[in-house]
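# Close look at the chain arrangement
So you can see what is in the structure, the chains are spelled out below.
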Amino acid sequence: MTRHICIHGHFYQPPRENPWLETVERQDSAHPHHDWNQRVTAECYAPNAASRLFDEDSRITDIVSNYSRMSFNFGPTLLSWMEENTRFTYGAILEADRASRERFDGHGSAMAQAYGHMIMPLASPRDKRTQVRWGIKDFQKRFERDPEGMWLPETAVDLDTLEALAEHGIAFTVLAPRQAAAVRPLNGDDATAHEGEDAEGAGDASWQDVSGGHVDPSRPYLVNLPSGRTIAVFFYDGPISRAVAFEELARNGERLAERLLGIHGEDADEPRLVHIATDGETFGHHHVYGELALSYALAKLEEEEGVEVTNYAHFLERHAPRWEAKIIEGSSWSCVHGVERWRSDCGCSTGAPASWNQAWRAPLRKALDGLREELDPRFEEAAGELLADPWDARDQYIRVVLDRSPGNVESFLSEHAAGELGDAEKVRALKLLELQRHAMLMYTSCGWFFADISGIETVQVLRYAGRVIQLAEDLFGESVESGFLSELEHARSNIQAKQNGRVLYEKEVRPERVDLPEVAAHYVLRSLFKSYEGDEAEVHCYRVSDRDESTAEADRSRVLAGWAHFRSVVTHESAHLSYAAVYTGDHHVIGGVRGFQGTRSARAARQQLEEAFERGELAKMVRVLDQEYHVSIDSLRALFPDEQEEVLEQIMESSVREAEVVLEDLYEKSASLMRFAAELGVPPPGVFQTAARSVLNRRMDATLRRDPPDLDHMAALCAEVEERGVHLEHDELHHAVGKALARLADHMAEEPDQLERLENLKRGVELMGSLDFKADLWGAQNTFFRVLRNGYGARVAAAEEGDAQARRWIDLFRQTGEMLSVAVT
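Here the residue numbers are simple positions, counted from 1 along each chain's written sequence. In keeping with the predicted nature of the model, local features appear solely for residues at pLDDT of at least 70, side-chain atom pairs appear and are counted solely at 80 or more, and the whole-chain, interface and lining totals rest on all residues. Water and hydrogen atoms play no part in the side-chain values, which are based on all heavy atoms of the structure.

Turning our attention to the overall build of the protein chain. In this description a helix means any DSSP run of H or I spanning at least four residues, a strand means any run of E spanning at least two, and both kinds are numbered starting from the N terminus. Along the backbone of the protein chain there are 30 helices and 22 strands. For the radius of gyration, the atom set is restricted to C-alpha positions; the globular benchmark scales as 2.2 Å times the number of residues to the power 0.38. In terms of C-alpha radius of gyration, the protein chain reaches 31 Å, essentially the compact-globule figure of 28 Å for 825 residues. Its C-alpha atoms give the protein chain principal-axis dimensions of roughly 95 × 80 × 55 Å. Think of it in three bands: residues with accessible area under 20% of the maximum for their type are buried, residues over 50% are exposed, and the middle band is partly exposed, with areas taken using a 1.4 Å probe on protein chains only. Here the protein chain holds 825 residues, and 56% of them are scored as buried. By definition, residues are in contact when any of their heavy atoms lie within 4.5 Å. Contacts in the protein chain between residues far apart in sequence, at least 24 positions, make up 70% of those at least 6 positions apart. Surface summary for the protein chain: the accessible area is close to 34,900 Å², and the carbon and sulfur share equals 46%. One way to put it: in the protein chain the 90 positive side-chain charges average out to a point 2 Å from where the 141 negative ones average out. Method for areas: the Shrake-Rupley scheme with a 1.4 Å probe, in which residue coverage is limited to the protein chains shown. Counted as positive: Lys and Arg. Counted as negative: Asp and Glu. His and the chain ends are not counted at all. Think of each charge as sitting on NZ of Lys, CZ of Arg, CG of Asp or CD of Glu.

Below, the structure is given as structure tokens:
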């Protein structure tokens, strides 16, 4: 009998967007990448979209998508980030589902996910429903089909959650083996015989206790629900899944395949499924090169006689459940205590010191629950004045989250409005729905998962709560923050300097709150150093239009003043604001923002400021700003974090150039001495090494960034590096080298018949290979392999017919492939 095998990857990252800006800001802990989404994409998500298979000489024989041959789900909030920030990987994931449909008789390998990674058994009934509906709508928009299965965050489950899935047409989900309570055969193998019966009394066979993880994972099971609905459940193989996630199995594709092939069902009378489930990040992020082990294992399984690699939906269509199961209510895959990890100090943690505790979890949940319970009735009452059915509008609001274009927002509001809505009422309706969106996001499971309340995941949860509080105070005209903070005070950090949740909120969350005047303050400071292009400027999720402004400069100082219309893309809140700022050198700025008082008043204020600037009267400029602009700007801290770094780099540019001149001079003067020292094997003085490293790093980086790279100059630099024995800054150059090679490969692929382009690629790979660190060949290999797959055969045929040009091309292509470690066959 055919053995069926399925590997499932749960790919997910906590949402990381600043709730006020809808943008992921720099996270220093993700260095050298901008943030953790970017880092894990580089280490895992992208490599799994183009994984390698090798021959015995470690040459690439194929580049494959692991996603197309496995079962997978991606968190919707992660896919949303990918759609905007990593188009290659995002497109590859969608394409993998299309390819899997062809491979598996129309059943795509992608599963949906409950939207916000909320622990569903701890969610309110309304939140359960909305999370399922949002997860389905997000999936339909991206994958252009209905989902057959849905992944539950942390596989946390109860009957109400399964009811929500079944109610919305979800056919199956995947759980851990210890989440099964009891099983028994279905009467006559007929699943429909039990529809409508109580799950406790369905059928005549006796229940077999399988609690403690003793369920047979090779069968699909039917769960009969109190409503009379049913849903299929797959309990994954626990021992192999744990070995993949926490042992070395994800590092060795041979062993992984052998382990999966070594599992046999209890008998040969019933089709069986060997399947595992783990975090997708296991393959490449948690275990370096895990994606290679996965692609090798999948290829080996596909070659094995009598084995079929499949996905859950494909298997379920052909092999309906013959057994039914009861689940353990309030259980999960990552907490042996059920779902206590997300509400109590249960003992589950992530490598925390022995002296630490997680007693902070309970007061954190209590604070959030209290906030939600206080605001839900207010939402219902306030939204009921504007929307025909507030909760149905919330369920459908995912349509706006996925497409915030003005036309779509207007259409949505028209469909759900209780009557004709004016502009102010539309803004209020959107704010009410945004309050609900963030009230769900603040329950993201990662906030409780880790060791201390001060971790970035928990602070992110507090940021969502901060946005909820801001919206609530704006909507309802009274503070709701004090009660929330009183509860948070009991959530004590294990790190003495962090104190407790209240202090964390007050120091790290409240200062991040943004309103339209603060957007204007950012805009005017940013405009001092780099003007926004186009008629409408984008400031993260805000738009600035109808601008009327002027600038003046004197030496290193400059002034900017004007007025504009500022509008939130999210809530449509808007205001006309006047603004002004003065830069006086170094990092010193002053400025202000106020409500627009009309053209005459604004022009008069601007004229006063410009006249004082022209005369160099700083005291008068300060006086004008104090009198005419109410929101004071006294620091570059008014810039949003990523732009703070950008502007500081610009301000320091002249100082950096001066330092570079000094280093260039030192480098040139020490050249002959460094050469002589290198010949004798004597290390030159550290200051000479520092100057050489800085100069050559900068020159090489500039050369690599040209499009196409200047290979003659690069060759000279490589020779200079070798001659002087300089050790380059690998972190700085690694990405630049990889991108330069990828551009050379793209240039070649645009017109592959042009020998000069192929020669440039070969030369570029040869040069980069001479550096004292391993070049990043990933992007170049992908493009080269695409040309190999799509065009090599035709050129071989032309060469065999006597085409001399084709023969030269083939020789050069093979040499390049050898350098790129690609087997050209």
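Among the residues of helix H24 (residues 671–680), those classed as buried are Ala671, Met674 and Ala677. Down the axis of H24, the smallest arc covering the buried residues is 130°, so these residues share one side. Residues of H24 that are exposed and angled more than 90 degrees away from the buried face: Ser672, Glu679 and Leu680. Elements that come into contact with the buried residues of H24 comprise helix H23 (653–669), helix H25 (686–705) and helix H26 (711–724). In the segment just after H24, Gly681 is the residue with positive phi, at about 75°. The arc in question is the one spanned by the directions pointing from the helix axis to the C-beta atoms.

Paired strands, in this sense, are two strands between which DSSP finds at least two bridges. Strand order in the open sheet formed by six strands is E9-E13-E12-E16-E10-E11, and the pairing between neighbours is mixed. Of all the strands in the sheet, just strand E9 (172–175) and strand E11 (208–209) have a single pairing partner and so form its edges. Relative to strand E16 (residues 323–327), strand E12 (residues 220–224) is paired through two bridges, and the arrangement is parallel. Opposite Tyr221, over in E16, you have Trp323 as the bridge partner. What counts as an axis is a line fitted to C-alpha atoms, over the stretch in contact for a helix, and the angles between N-to-C directions run from 0 to 180 degrees. Contacts from helix H5 (residues 159–167) reach E9, E12, strand E13 (230–235) and E16 within the one sheet, and its direction differs from that of E13 by about 115°.

Before going further, it helps to examine the confidence of the model for the protein chain. On average, residues of the protein chain score 93 in pLDDT, and 97% of them are at 70 or above. Contacts for the low-pLDDT stretch residues 189–203, under 50 throughout, to residues beyond four places or in other chains number 28 contacts. Confidence scores here are pLDDT values: one per residue, from the predictor, ranging 0 to 100.

Moving on, we get to the packing of aromatic side chains. Two rings from Phe, Tyr or Trp (for Trp, the six-membered ring) form a pair when their centres are within 6.5 Å of each other. A pair whose planes differ by under 30 degrees is stacked, one over 60 is edge-to-face, and the rest are tilted. In total, this model carries 31 aromatic pairs according to the counting rule given. Aromatic pair Phe11 and Phe74: ring centres 4.7 Å apart, planes at 10°, arrangement stacked. On the criterion of sequence distance, the pair formed by Phe11 in strand E1 (residues 3–11) and Phe74 in strand E6 (residues 71–74) is long-range, its members being 63 residues apart. Phe74 carries the same exposure label as Phe11, and that label is buried.

Another aspect to go through is the pairing of E1. With eight of its nine residues buried, E1 lies for the most part within the structure. In this sheet, strand E15 (residues 307–309) lies alongside E1 in parallel orientation, the contact comprising three bridges. Considered in E15, the bridge of Arg3 is made with Val307. With seven bridges joining them, E1 and strand E14 (residues 273–279) adopt parallel strand pairing. Looking across to E14, one finds that His10 is bridged to Asp279. Relative to E6, E1 runs parallel, the two sharing four bridges. Paired with His10 across the two strands is Asn73, which belongs to E6.

Helix H2 (residues 76–85) packs onto helix H1 (residues 36–49) with a crossing angle of 90° between their chain directions and a minimal axis gap of 11 Å. One finds that H1 runs roughly perpendicular with respect to H2. Counted together, Asn37, Gln38, Thr41 and Tyr45 of H1 and Leu78, Trp81 and Met82 of H2 form the full contact between these two elements. Any residue that is not Ala, Val, Leu, Ile, Met, Phe, Trp, Tyr, Cys, Pro, Asp, Glu, Lys or Arg is counted as polar, Gly included; the first ten are nonpolar and the last four charged. Residue composition of the contact of H1 with H2, by class: four nonpolar, three polar and no charged. Working definition: roughly parallel below 35 degrees, roughly antiparallel above 145 degrees, roughly perpendicular at 65 to 115 degrees, and oblique for all remaining angles.

Mapping Ser295 onto the fold places it in helix H8 (residues 290–303). With relative accessibility at 0%, the residue Ser295 sits in the buried group. A distance of 3.2 Å separates a polar side-chain atom of Ser295 from the backbone oxygen of Arg52. From its side chain, Ser295 meets the backbone oxygen of Leu292 in a polar contact 3.0 Å long. If we skip the residues at most four places from it in the chain, Ser295 touches Ser51, Arg52, Leu53, Val64, Asn66 and Arg69. Distance and chemistry together define a polar contact, namely a pair of N or O atoms within 3.5 Å, with one atom able to donate a hydrogen and the other to accept it when in protein, and with adjacent residues in sequence counting only for side-chain atoms on both sides.

Looking now at a nonpolar patch on the surface. A cluster of nonpolar side chains, namely Leu648, Met652 and Val656, defines an oily patch on the protein surface of about 240 Å² accessible area. In this structure, Leu648 sits in helix H22 (residues 641–651). Exposure above 30% relative accessible area and the lack of any salt bridge qualify a residue for a patch; like charges then connect within 9 Å, and the nonpolar side chains Val, Leu, Ile, Met, Phe, Trp and Tyr within 5 Å. Whenever Lys or Arg places a side-chain nitrogen within 4 Å of a carboxyl oxygen from Asp or Glu, that contact is recorded as a salt bridge.

The subject of this paragraph is the environment of Val559. Here Val559 lies in strand E19 (residues 557–568). Judged by relative accessible area, which is 1%, Val559 ranks as buried. Counting along the chain gives 235 residues from Val559 to Ala794, while the straight-line C-alpha distance between them is 63 Å. The residues touching Val559, leaving out its near neighbours within four places in the chain, are Leu528, Ser550, Thr551, Ala552, Ala581, Val582, Leu609 and Phe613.

Here we come to the pairing of strand E20 (residues 574–585). Sheet analysis places E19 next to E20, joined by ten bridges and oriented antiparallel. Residue pairing for E20: Arg558 is matched across the bridge by Tyr583. Where E19 hands over to E20, the hairpin turn is made up of five residues, of which His572 adopts a positive phi near 65°. Across eight bridges, E20 lies against strand E21 (residues 588–595) in antiparallel orientation. Pairing of Ala581 across the sheet is with Gly591, part of E21.

Take the side chain of Ser493 next. On the secondary structure map, Ser493 appears in the loop between helix H17 (481–488) and helix H18 (501–509). Exposure remark for Ser493: the relative accessible area of 13% places this residue in the buried category. A polar contact of 2.8 Å, which involves the side chain of Ser493, links it to the side chain of Asp452. Excluding anything up to four places from it in sequence, Ser493 contacts Asp452, Ile453, Ser454, Lys498, Gln499 and Asn500.

Contact geometry for helix H27 (residues 730–750) and helix H29 (residues 778–800): axes closest at 7 Å, N-to-C directions at 15°. In this view, H27 runs roughly parallel relative to H29, as classed from their interaxial angle. As H27 packs across H29, the resulting crossing turns out to be left-handed. Where H27 approaches H29, its residues Leu741, Ala742, Ala745, Asp746, Met748 and Ala749 are matched on the opposing element by Gly779, Ala780, Thr783, Phe784, Arg786 and Val787. Crossings are assigned a handedness: left-handed for a near helix turned anticlockwise from the far helix by less than a right angle, right-handed for a clockwise turn.

Take the nonpolar core next. By size, the foremost hydrophobic cluster in this structure holds 100 residues, and its most contacted members are Leu368, Leu371, Met442, Phe484 and Phe566. The element that contributes the greatest number of residues to this core is helix H16 (residues 456–476), accounting for eleven residues. Setting aside anything within four residues of it in sequence, one finds Leu368 in contact with Met442, Tyr443, Trp448, Val461, Ala465 and Phe484. For this analysis, a nonpolar core means a set of buried residues of the types Ala, Val, Leu, Ile, Met, Phe, Trp, Tyr and Cys, connected via side-chain atoms within 4.5 Å. Core analysis: the next-biggest nonpolar cluster, separate from the first, contains 72 residues, Cys44, Phe143, Leu225 and Ile327 among them.

Our focus in this paragraph is the pattern of salt bridges. With the rule as written, the count across this model stands at 65 salt bridges. Arg39 is the partner of Glu43 in a salt bridge, and the nearest nitrogen-oxygen pair spans 3.0 Å. Separated by four residues within a single helix, Glu43 and Arg39 lie in helix H1, roughly one turn from each other. Given a relative accessible area of 24%, Glu43 falls into the partly exposed group. Put simply, Glu489 and Arg502 hold a salt bridge, and the shortest N to O gap is 3.4 Å. Residue Glu489 is located in the loop between H17 and H18, and its partner Arg502 is located in helix H18; the two are separated by 13 residues in the primary sequence. Residue classification places Arg502 among the partly exposed residues on the basis of a relative accessible area of 26%.

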